[in-house]
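What the coordinates show
Residues per chain are reported as follows:
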Amino acid sequence: MGGQNAADFTISYHLSQVHADADLNPIALNYTNAVAFQMQTIYVRLENNACTTCFDTTSFEIDVFSTPTANPVSDMEICDDTSDGNDTNGLHSFDLTLQNSGIRGMQSMVQYNISYHLSQIDADNDVNALSSPHINTLSPDAQTIYARIENVDHPTCYNTTSFDVVVHPLPVITSNPVALEQCDDDIDGFAPFNLFESNQLISNDYQNETFTFYLSEAEAWAEINAISNPSAYINP
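Residues numbered from 1 in each chain as written. Predicted model: local features only at pLDDT ≥ 70, side-chain atom pairs only at ≥ 80, totals over all residues. Heavy atoms only, no water.

In this section: the nonpolar core. The biggest cluster of nonpolar side chains holds 15 residues, and the ones touching the most others in it are L96, I103, Y116, F163 and V165. Those elements that provide at least two residues to this core are β6 (112-117), β8 (142-151) and β9 (154-168). If sequence neighbours within four positions are ignored, Y116 has contacts with L96, T97, Q99, N100, I103, N128, A129, L130, I145, Y146, A147 and F163. By size, the runner-up hydrophobic cluster in this structure holds eight residues, among which are F193, I202, F211 and F213. (Core = buried A, V, L, I, M, F, W, Y, C linked by side-chain atoms within 4.5 Å. Buried < 20%, exposed > 50% of the residue type's maximum accessible area, 1.4 Å probe, protein only. Helix = DSSP H or I, 4+ residues; strand = E, 2+ residues; numbered from the N terminus. Contact = heavy atoms within 4.5 Å.)

Structure (structure tokens):
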């Protein structure tokens, strides 16, 4: 209508230019598009109420775009290490793109883009996307990451989910090495040792930790061939 007086004119909507010109088959104002996810042209007729043969027409497009699903994903968890020069600062580099396939699921890689953000507001507004790999510098040990998946043809069709990146602290060894000693009561040089008695000598947090024992450092690193009877281990 622009600046024209609404009382002087009537607007109707049609599915073809022919119908708009002939003032035939106006469609309901509460109209549902005919074909899913396909652009459709709507034709408009604006006519003078005093003389309906005085009219003009225009048109516009309607389209429906699919809203993606942001599938939930598991947290990204890793042990602190010396990759940043410090294995006790709770910081680590995370490749956020490893979450893409889980968030997208079976949805098209071409049709939907995924970005990562530090807040729900940033994800909703599609601003301040994180680069990957990302270091959790703003929150040592754990940080929530917000993922946004959007339709590339219409980015306002989007969905979000979130997950945590977690850096687990390494156990702190307070004494290394430690020694367990026993008196031989039958002079054969053998005695059963409860290796778990070393736990409190090794770590102040031993009650919250799990200990396994090995006959070589290589086996301990590889976590293979653990001693099967650590509470009654006889020296070889």
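All right, on to the side chain of Q99 then. By the element assignment, Q99 lies in the loop between β5 (93-94) and α2 (100-104). Q99 gets classed as buried once you look at its relative accessible area, which sits at 10%.

Of all six residues making up β6, five are buried, and the element is well covered by its neighbours. Note: β6 against β8, six bridges, orientation antiparallel. Bridge pairing in β8 links Y112 to N151. (Pairing = 2+ DSSP bridges.)

Turning our attention to the sheet that holds β9. Strand order across the open sheet formed by four strands is β4-β9-β8-β6, with mixed pairing between neighbours. Two strands bound the open sheet, and with one partner strand each, they are β4 (76-79) and β6. Shown here is a sheet whose adjacent strand axes are inclined to one another by a mean of 25°, direction ignored. Note that β8 and β9 share ten bridges and pair antiparallel. What sits directly across from A147, in β9, is T161. (Axes fitted to C-alpha atoms, helices over the stretch in contact; angles between N-to-C directions.)

One ladder, built from eight bridges, connects strand β2 (residues 40-48) with strand β3 (residues 55-62); its direction is antiparallel. Directly across from T41, in β3, lies its bridge partner E61. Linking two consecutive strands that pair antiparallel, namely β2 and β3, is a turn of six residues.

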